[in-house]
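One-letter residues, chain by chain:
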Amino acid sequence: MAEIVLRNLRKTFGKVVAIRDLSLDVADGEFLVLLGPSGCGKTTTLRAIAGLEVLDRGTIRIGGRDVTRLPPGKRGIAMVFQSYAVFPHMRVYDNIVFGLRMRGIPLAEQRRRALAAAELLQITDVLDRYPAQLSGGQRQRVAVARAIVMEPDVLLMDEPLSNLDALLRLHMRAELKRLHREVGSTTVYVTHDQVEAMSLGDRIAVMRDGEIVQCDTPQRIYDDPANVFVGSFIGSPPMNFLRGVLDGAGGIRLGDTVLPVPVAYQPALGAQRDPEVLVGIRPEHIVVGAGPLVAEVVVSEPLGPSKLLTLRTHGQLLKVTVRADHPAAPGDVVHMDFPPAHVRLMDPKTERALPRTGP
C-alpha cells in the first residue's frame, strides 16, 4: 500500500507562506493532480512529499509510515522534474539505470528493469544515444523511465510536459495515462495547465495561496466549482459570472430580464438576506437563438469546429460557444437563454458556491 496522508502542512519562506495548514489524502494507486497558478504552493507541496523541503510543521505518511523527517532516499519515492535532469555525459541506458547502480542492484536486474521501462515508453531504439541526440519528448521519456525502474511506492511529477510543444504535450498526456494504468504507482502530478489536469487526474486538488480550495473528480470540479476562482480557472473559455438580483418572486433579475431560480437553489435562497447573486454558466451551455435575454455581439472568433462569441448584455460581457456556421457577427443582436440545470449561483461577497439540494 502506498497511500499518502498529509496533515496540517505549513511551509514559509521568510514572510511568505507557501503552504498554509494543508491536509490531503491520496489513495493507493491514485493519480492526483495539484493544479493552480504560479506561486500557489503546488510545487512546494510536491517537494515536501519528496523530502526536498523541510516543513515548519505538519506530518507526511506514505504507506502508513511517518516519513516527515526521513531523507528523500528513504521515502520510497521517485521524482520527474520539469527540466528532465538527465545526465548529458551518459547514454540513455546509463541514465535509466543510474539509480539502480547507486542502490547496488545486480546487473541482470538492472538490465531487465531498464529494457522493460524502455519498451513501455517506446525508447528501446535510442538506448545507445546521448541526451543531446534526442528530441524533447524522448528526453522526457528517459526521465520517466529512470523514475519507474526504481519501482517506487510513489511517483512525483513536477510539470513534466511544460517544456514540450503543444502536439507533443498532447501525445505525452496519453502516454502518461497509459503508463499509470500499466505501472499503477501512486502518482502526484503538478501542473498549471487545466487541460492536463482534467485529462490526467483521477482527482484534482485546486490550490490557491497555499491552500486547497477544492479537491474532487475532474468532472465534478468542472460542473460544480466550489467558488468563483475554481470556475474561472477551470475551463477554456472559463465559466461566465454575471451579477444579478433576487427579485423576491422566485426570479433572478439581470437588468430588465428575469430568469427563473433553479429549483435546487430555492431552499437556500429562501433564507438569503443579500438579494445580490452571481450567476455562473459555462459558455457551451448558453442557448443562443431564443430566450428572454437580449445581447449584442461584440466579437466573433472562429475556432474550427466551433465559434466563440463575446456578447454584451445589460452592461456585462460573457463568452458563448456556438456552432462554427452560426451567422452571428459583431453588431448583431441575439436572444439567449440559460438552462436552469446548468446555472450555478455564487455569493458575491464570499465568491463561494451557494448550497443546492439537488442536481
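The structure reproduced in this document is the subject of the present report. None of the values given here were measured: they were computed from a predicted structure.

### Thoughts on the pattern of salt bridges
Part 1 of the argument: For the structure on display, the rule yields 17 salt bridges.
Part 2 of the argument: The salt bridge partner of Glu-109 is Arg-112, with a shortest N-O separation of 2.7 Å. In this pair, Glu-109 and Arg-112 are both assigned in helix H3 (residues 107-120), three residues apart and thus about one turn of the helix distant.
Part 3 of the argument: Looking at Arg-112, the relative accessible area reads 45%, which means it is partly exposed.
Part 4 of the argument: In this structure, Asp-224 and Arg-344 form a salt bridge, with 2.8 Å as the shortest nitrogen-oxygen distance. Here Arg-344 lies in strand S19 (residues 344-346) and Asp-224 lies in the loop between helix H7 (218-223) and helix H8 (228-233), a separation of 120 residues in the sequence. For the pair Asp-224 and Arg-344, a shared accessibility class is recorded, and that class is buried.
Part 5 of the argument: Several salt bridges converge on common partners, so that one network encompasses Glu-109, Arg-112, Arg-113 and Glu-151.

### Points about the sheet that holds strand S5 (residues 65-66)
Part 1 of the argument: Strand order in the open sheet formed by four strands is S2-S1-S4-S5, with antiparallel pairing between adjacent strands. Across the chains shown, the open sheet's two edge strands, defined by having one partner strand only, are strand S2 (16-26) and S5.

### Some details on the environment of Asp-28
Part 1 of the argument: Topologically, Asp-28 is positioned in the loop between S2 and strand S3 (31-35).
Part 2 of the argument: According to the relative accessible area criterion, Asp-28 is partly exposed, its value standing at 40%.
Part 3 of the argument: Within the local environment of Asp-28, its side chain forms a polar contact with the backbone nitrogen of Ala-2, the two atoms lying 2.8 Å apart.

### What about the nonpolar core?
Part 1 of the argument: Among the nonpolar cores identified, the biggest contains 46 residues, and Ile-96, Ile-123, Val-144, Ile-148, Leu-176 and Tyr-189 are the most heavily contacted of them.
Part 2 of the argument: Excluding anything up to four places from it in sequence, Ile-123 contacts Ile-96, Ala-118, Arg-141, Val-142 and Ala-145.

### Quick word on the sheet that holds strand S9 (residues 203-208)
Part 1 of the argument: The six strands lie next to each other as S6-S7-S8-S3-S9-S10, forming an open sheet whose pairing is mixed. Edge strands, defined here as strands with exactly one partner in the open sheet, are strand S6 (77-80) and strand S10 (211-216). In this sheet, neighbouring strand axes are inclined to one another by 20° on average, regardless of whether the strands run parallel or antiparallel.
Part 2 of the argument: Note that S3 and S9 share four bridges and pair parallel. By the bridge assignment, Leu-34 is partnered in S9 with Ala-205.
Part 3 of the argument: Docked against the sheet, helix H1 (residues 42-50) engages S3, S6, strand S7 (154-158), strand S8 (186-191) and S9, running at close to 150° with respect to S7.

Rules behind the numbers
- Residues numbered from 1 in each chain as written.
- Predicted model: local features only at pLDDT ≥ 70, side-chain atom pairs only at ≥ 80, totals over all residues.
- Heavy atoms only, no water.
- Salt bridge = Lys/Arg side-chain N within 4 Å of Asp/Glu carboxyl O.
- Helix = DSSP H or I, 4+ residues; strand = E, 2+ residues; numbered from the N terminus.
- Buried < 20%, exposed > 50% of the residue type's maximum accessible area, 1.4 Å probe, protein only.
- Pairing = 2+ DSSP bridges.
- Polar contact = N/O pair within 3.5 Å; in protein donor to acceptor, adjacent residues only side chain to side chain.
- Core = buried A, V, L, I, M, F, W, Y, C linked by side-chain atoms within 4.5 Å.
- Contact = heavy atoms within 4.5 Å.
- Axes fitted to C-alpha atoms, helices over the stretch in contact; angles between N-to-C directions.

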